[in-house]
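Take a look at the letters that make up each chain.
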Amino acid sequence: QSSNFQQSSTQQSAISSSNQQMSMIENGEPEDQALAPKFISSSADLTCMEGDQVRLTCRVNGRPAPEIIWYKGGAQVIQDERHKVIVNEQGCHALLITSALLTDQGEIGCIARNRSGEASFTCKLTVLQKATKTPPGFVEKLQSCRIREGEKLILRVKAVGNPIPNLAW
């Protein structure tokens, strides 16, 4: 009878274990459960020159895979010839600005959203105005002068422009 008791106890343990497994399957395995989005990495504040290409990036976890929405000044960024939303195979999301304008400057945000919740981050984009090019010009021209043979002669000119002009004699 003691062996029957052991067998019965073992069967009860197996049934109990089986019920726990059935319960886990019904409730969903841990890897099937929804998880709120969480940023693993995100862009820091950036500074660029007008006309530069800018890439703001982030990596985010979540289950199901979260929807990513980029914002500028509170409005959703709409893809156009200068603004591209990119996702690569490793799950890295990016907002690519192909040629930054002064109007791109400001706070840029990203929201990751799924049925379990949302997460967001913001960074500041500073766009520095490109210096305007100006052709070289002389502001101090050569002066006429008379010297005697063998005397030292110093010639001076001053030129301006952007970029700074190179002078050659």
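As a reminder, the structure under discussion sits directly above these lines.
Residues numbered from 1 in each chain as written. Predicted model: local features only at pLDDT ≥ 70, side-chain atom pairs only at ≥ 80, totals over all residues. Heavy atoms only, no water.

1. Observations concerning the sheet that holds strand S8 (residues 106-114)
Overall, mixed pairing links the five strands, which are arranged S2-S9-S8-S4-S5 in an open sheet. On the outer flanks of this sheet lie strand S2 (46-49) and strand S5 (75-76), each paired with one strand and no other. (Pairing = 2+ DSSP bridges. Helix = DSSP H or I, 4+ residues; strand = E, 2+ residues; numbered from the N terminus.)

2. Structural notes on the sheet that holds strand S1 (residues 35-42)
As summarised here, the arrangement of the four strands in space is S1-S3-S7-S6, forming an open sheet in which the pairing is antiparallel. Where the open sheet ends on each side, the last strands, each with one partner, are S1 and strand S6 (83-87). Within this sheet the neighbouring strands show an average axis-to-axis angle of 25 degrees, counted without direction. As paired elements, S6 and strand S7 (residues 92-97) share five bridges and run antiparallel to each other. (Axes fitted to C-alpha atoms, helices over the stretch in contact; angles between N-to-C directions.)

3. Examining unusual backbone geometry
Leaving glycine aside, a negative phi is the common case for residues, and trans is the common case for peptide bonds. Each neighbour pair has its own omega, and for Arg63 with Pro64 the value is -5 degrees, a cis peptide bond. Note that Pro64 resides in the loop between strand S3 (54-63) and strand S4 (67-72). In the segment running from Asn162 into Pro163, the intervening peptide bond is cis, with an omega of 5 degrees. Among the structural elements, Pro163 can be located in the segment after strand S11 (158-162).

4. Some thoughts on the pattern of salt bridges
For the structure shown, the criterion picks out two salt bridges. A salt bridge links Asp104 to Arg82; the shortest N-O distance between them is 2.8 Å. Placement of the pair is Asp104 in the loop between S7 and S8 and Arg82 in the loop between S5 and S6, with a sequence separation of 22 residues. Assessed through its relative accessible area of 7%, Asp104 is described here as buried. A salt bridge links Glu118 to Arg113, with the shortest nitrogen-to-oxygen separation between them at 2.8 Å. (Salt bridge = Lys/Arg side-chain N within 4 Å of Asp/Glu carboxyl O. Buried < 20%, exposed > 50% of the residue type's maximum accessible area, 1.4 Å probe, protein only.)

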